[in-house]
Amino acid sequence: MTRLARSSLLDPLRHRYHEFKLIARDPVLLVSLLVTGAFILAFIVWPLARVIYQGFFAGAGHENEGAFSLEYFQYYVNPKYTEQYWYIFWWTMQMGFGAAIGSTAVGFLFAYTMVRCQMPFRSAVHALTLVPTISPPFAIALATILLFGRSGLITKELLHIQYKPGETGVYGLGGLIFVQIITFFPVAYLIIRGLLERIDPSMEEAALALGASKWHIFLTITLPLLTPGIAGSFLLMFVESLADLGNPIFIAGNITVLSTQIWIAVNGEFNQQKGAALSLILLLPTLTVFLLQRYWVSRKSYIAVTGKPTGGGTGFVKEPLIRWTFISLTFLVLALILLLYGAIFMGSITKLWGIDYSFDFTHYANALDRGLKPILDTSFLSALATPIAGLAGMVIAFLVVRKAFSGKEVLDFASNLGGAVPGTILGIGYIIAFIQAPLFVVFIIYLALAYYLASLLVKRFWGRTLIVFIATLIGTSFNFLATNEKGRQSLLANPLIAPFSTAPIIETQMWLNILAAILIIVAILSLVFAQAGSRRIIFITLILMAGYLLTRLVITDWTAPLVVWGKQLGGIYFPKIFASLAGWLNLFFQPPLAILGFTYIAISGFMMERWSSLVRIIVGTALLAAFAALTFYGEALALVGSPYIILAAYAVRSLPASVRAGVASLQQIDPSIEEASTPS
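Every chain is numbered independently, its residues counted from 1 as its sequence is written. Local features are withheld for residues below a pLDDT of 70 in this predicted model, meaning they are given only at 70 or higher, and side-chain atom pairs are given and counted only at 80 or more; totals for whole chains, interfaces and linings count all residues. Here the side-chain values reflect all heavy atoms present in the structure, with hydrogen atoms and water set aside.

A.B. asks: Help me out: how do you make sense of the overall build of the protein chain in this one?
C.D. replies: The helix and strand labels rest on DSSP assignments: H or I over at least four residues marks a helix, E over at least two residues marks a strand, and numbering proceeds from the N terminus. A tally of helices and strands in the protein chain yields 28 helices and two strands. Type-normalised accessible area, obtained with a 1.4 Å probe on protein chains alone, sets the label of each residue: buried when under 20%, exposed when over 50%, and partly exposed for intermediate values. Residues counted as buried form 46% of the 680 residues belonging to the protein chain. We call two residues in contact whenever any of their non-hydrogen atoms come within 4.5 Å of each other. Put simply, 78% of the contacts in the protein chain that link residues at least 6 apart link residues at least 24 apart. Using a 1.4 Å probe, accessible areas were evaluated by the Shrake-Rupley method; residue-level cover was limited to the displayed protein chains. Accessible surface, the protein chain as shown: approximately 33700 Å² in total, 69% of it carbon and sulfur.

Here it is in C-alpha cells:
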C-alpha cells in the first residue's frame, strides 16, 4: 500500500482525533457528551441491541438453536406468509400516520386557541387538556368501549344500535386511530404552544399593518416558524403510536399491528427471535420518518426569539367568527375528553357496566386493598424519572442543535429509540441486558470517563493511558482481595506478600470504609495543595461524597423503624405506606455502585485542574483507583430485581418527548442571545 493510500485511510481517524481534542477544551460539552452518551449506550442501545441480536439467531427450542437465521425476515417475501405480514405492516403504517397527523392537528388547534384566541377559562382548559398524559394509554380505549362499544352506554342504551354479524363498530383501525389521537395529542399541544408563545408578534403585526390578510400571515409567517414543532410533534406522535401496545390490544379488533404481533410472539408463542425480528422491522419506518423530518427542518432557519423587546403575543385573532370557531372546536374536543373520563369514573362506581348500572364502591376498596403499594411505588418512580428524562432531554437537545460534532445525528436518533419499540420489547431487552453484569458496557463507559479524568492530569496520550491502566489495576485488584478468598490465597502465596497472610478478608463494610477514607484523606490534602480559592468547595464536595458512600451502610437501619412504626399503627394502609416510604429512602441512598463510580469520576473531573501539577497526578490516580473499585465491585449494573431498572425504563420511555420539545424550542432561539451572555 502506498504512503498516499495509507494517508487517505488515516485522515478520518486524524480528523476525529482533532475533533475530540477541540471538544475536550470545553469541559461542560465533554462531560455532557460522556454522560448522555453513557446513558443512551447503557439503557437504550445496549438492551435493544441484545434484543435485535436475537432476531438473527434461532432461539431456545429451535432445532438449530443459536444458528444464524433470517426466518422471520423471509416471511415478507415468502408467498405463504407475504400477504398476511404486509397487511400487518400496512395497518401499522396507517395507524402511525393517522395518529401522528390527527394528534398534531388537534394539538395545534388547542395551542393556537390558547395562545391567539383569548380562550376563556384558560387555566382550567390547560389542566384538563393534560389529563390524558397522566393516565395509562389504554384508559381512552377502555372509555371508548364503555361509551361506543357493542354494549356501550351511547351506542346501545341511548342510540339503540344493533350490530349485524360482520360489523365491527368502534373496533378496528378507525377506533384505534381515534383513541391514539386523544391519548397523545396533549404532548403535541405542549410542544406547539411553547413555540407559539415565543414567536415575536411584531412580525405578524407589521405584516397586518402592511395590508396582509390574516390567512396570508398565517401561511407565510406563523406556520413556517412552527415547522420545528410540527415536525417534531409528528415524529414523536408517529413513534409513540407505533410503540403503543395497550390501545391496539383493547380496541384494534380484527386489525393486527406490529406492536401486538410482537407481544403475541413473545408472550403467547414464547418466541423471542420472532419478537426481536419484528422489532427491527418496526424500527425501519421510525428511522425513515426521522430522516425525513431532519431533512425538512434543516433546510431553513426558524429563529423567532432574537432577544429584542417584544409586545404581548396573545389575542392576535380578534374576528368573532374565526375566534369562536377555534374556541368552539376546542371546547367540543375537551367535552369529548371529559365524557371519556367521566365514563371511566362512572364505570368505576358501577356494579356491572352494560348490565347493572347500580352504584357499587367495592371496586375502590379492592383496588386500594390489593394495589395501594404498587400505586404508591409507581407514582414515586414516575415522579423521579420525570426530571431525569427532562434534564437528559434538554442536554441532548442542546448538543444536537447548538454544537457541531460527528455523530450528533446518531445521538438524536438513538434518544428516540426508547419510545420507538413496544414497552414489552424494551422490558425484555432490559432483562437480557441486566440480569447479569453487562461488563462490556460498564468497561466502555468507565474507560471513556477514566480517560477524561486522566486527560486533566497529564497532556500526553501514553501518560494518560498509563494512569488509567495503573488506577484500574489497583482498583480491580483491591476488589479481588476484598471478595475472593481463593484469589487472596493465591496472592498471599507470593513470598513478597506472605508476611501479610494473617490479614482477614475485607468485608463489604470495611471495603466501603476504606474507599470513603481515601476521599476524606484527599479532602484534607485539598486544604493544603488545592488552589486557594477552590479549597473550601473541593473539601466540602469530597466530604459529601464520602458521607454519601458511607450512608448506604446504615440507611436500612435508619429506615427499618418506619416499617415497624407502620405495623404498629395497624390498619390496612399504614403498613403499606410506611413500607413504601422506607423503600424510597433506601433507593436514594443505595444506587448501583457502577453508576455511583461513573458519577464520582465525572464530579472529580471538575476539581482536578485546581490542584498543583505534581500532587494532581497522585491525587487523581488515587481517586480513579477508588472509583474503579466502586465501578467494578460485584455484579456491576446487574439491575434485574431492583427498582433502578424500572426507573431507567420510565426515563427512557419519556426521553423522546423531552428531546423533541427541547429541539423544537432551541431551533427558535437565536444563538446570538447565548453568545451575548458569554463572558468576554
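What follows picks up the thread again.
A.B. asks: How should I be thinking about unusual backbone geometry in this particular structure?
C.D. replies: Leave glycine aside and you will find that most residues have negative phi; peptide bonds, for their part, are mostly trans. With phi around 50°, Q118 is a residue other than glycine that occupies positive phi space. Tracing the chain through its elements places Q118 in the loop between helix 4 (82–116) and helix 5 (122–129). A relative accessible area of 45% means that Q118 is categorised as partly exposed. Notably, F121 is not glycine yet its phi reads approximately 55°, a positive angle. Counting through the fold element by element, F121 comes out in the loop between helix 4 and helix 5.

A.B. asks: What should I look at first to understand the pattern of salt bridges in this one?
C.D. replies: Pairs may arise between side chains of opposite charge once their charged atoms sit close together. We count a salt bridge whenever a side-chain nitrogen from Lys or Arg sits within 4 Å of a carboxyl oxygen from Asp or Glu. Taken as a whole, this structure holds three salt bridges when the rule is applied. Taking the shortest distance from any N to any O, the salt bridge between E197 and R193 comes out at 3.0 Å. Of this pair, E197 and R193 both sit in helix 8 (residues 173–198), four residues apart, which is roughly one turn of the helix. Taking the relative accessible area as the measure of exposure, R193 reaches 13% and is therefore buried. Of the charged contacts in the structure, one is a salt bridge between D377 and K373, with a shortest N-O distance of 2.9 Å. Residue D377 and its partner K373 are both found in helix 16 (residues 362–402); the two are separated by four residues, about one turn of the helix.

A.B. asks: I would appreciate a short explanation of the packing of helix 5 against helix 8 in the present structure.
C.D. replies: Axis angle and axis distance: for two packed helices, these are the angle between their axes and the distance between the axes, and together they describe the pair. The geometry of helix 5 relative to helix 8 is characterised by a closest axis approach of 10 Å and an angle of 135° between their N-to-C directions. It follows that helix 5 is oblique to helix 8 by the angle criterion. In this structure, helix 5 uses R122, H126 and T129 to contact helix 8, whose residues at the interface are F185, P186, Y189, L190 and R193. Amino acids outside the nonpolar list (Ala, Val, Leu, Ile, Met, Phe, Trp, Tyr, Cys, Pro) and the charged list (Asp, Glu, Lys, Arg) are all regarded as polar, and Gly is one of them. Within the contact of helix 5 with helix 8, the residues separate by chemical class into four nonpolar, two polar and two charged. All axes here are fitted lines through C-alpha atoms, helices being fitted over the stretch that makes contact, and every angle between N-to-C directions spans 0 to 180 degrees. Each angle gets one of four labels, with under 35 degrees taken as roughly parallel, over 145 as roughly antiparallel, 65 to 115 as roughly perpendicular, and the rest as oblique.

A.B. asks: Could you clarify how one ought to interpret the side chain of S103 in this entry?
C.D. replies: Structurally, S103 is set in helix 4. The buried category is assigned to S103, whose relative accessible area is 1%. Among the polar contacts listed, one links the side chain of S103 to the backbone oxygen of A99, at a separation of 2.7 Å. Setting aside residues up to four positions removed in sequence, S103 forms contacts with Q180, I181, F184, F185, A188 and M237. Under this definition, polar contacts are N or O atom pairs within 3.5 Å; protein pairs additionally need one hydrogen-donor-capable and one acceptor-capable atom, and for neighbouring residues in sequence, both atoms have to be side-chain atoms.

A.B. asks: Would you explain the environment of Y75 in this entry?
C.D. replies: Following the sequence through the fold, Y75 ends up in the loop between helix 3 (71–74) and helix 4. Look at Y75 and you get buried, because its relative accessible area is 12%. Linking Y75 and W86, residues eleven residues apart in sequence, is a C-alpha distance of 9.2 Å. Those residues in contact with Y75 that lie beyond four places of it in its chain are Y81, T82 and Y85.

A.B. asks: Which parts of the structure should I look at to understand helix 17 (residues 408–417)?
C.D. replies: One turn of the α-helix equals 3.6 residues, which is why residues spaced by three or four share an orientation. The element helix 17 is largely enclosed, with a buried count of eight among its ten residues. Among all positions of helix 17, only K408, L411, D412, F413, A414, S415, N416 and L417 are buried.

A.B. asks: Looking at this model, I keep getting lost on the packing of aromatic side chains. Mind explaining?
C.D. replies: How two aromatic rings sit relative to each other is set out by the distance from centre to centre and by the angle between their planes. For Phe, Tyr and Trp, rings pair up if their centres lie within 6.5 Å, where Trp contributes its six-membered ring, and each pair is then called stacked (planes under 30 degrees apart), edge-to-face (over 60) or tilted (otherwise). A complete count under the given rule lists 30 aromatic pairs for this structure. Ring geometry for Y112 versus F326: centroids 5.2 Å apart, planes at 40°, classification tilted. With Y112 in helix 4 and F326 in helix 15 (residues 320–348), the pair connects residues that are 214 residues apart, well separated along the chain. On the basis of relative accessible area, Y112 is assigned to the buried category, the value being 7%. F326 sits in the partly exposed class, given a relative accessible area of 21%. Counting every residue linked through ring pairs, the aromatic cluster contains Y75, Y76, Y81, Y85, W86 and F89.

Honestly, it's all geometry; don't read function into it.
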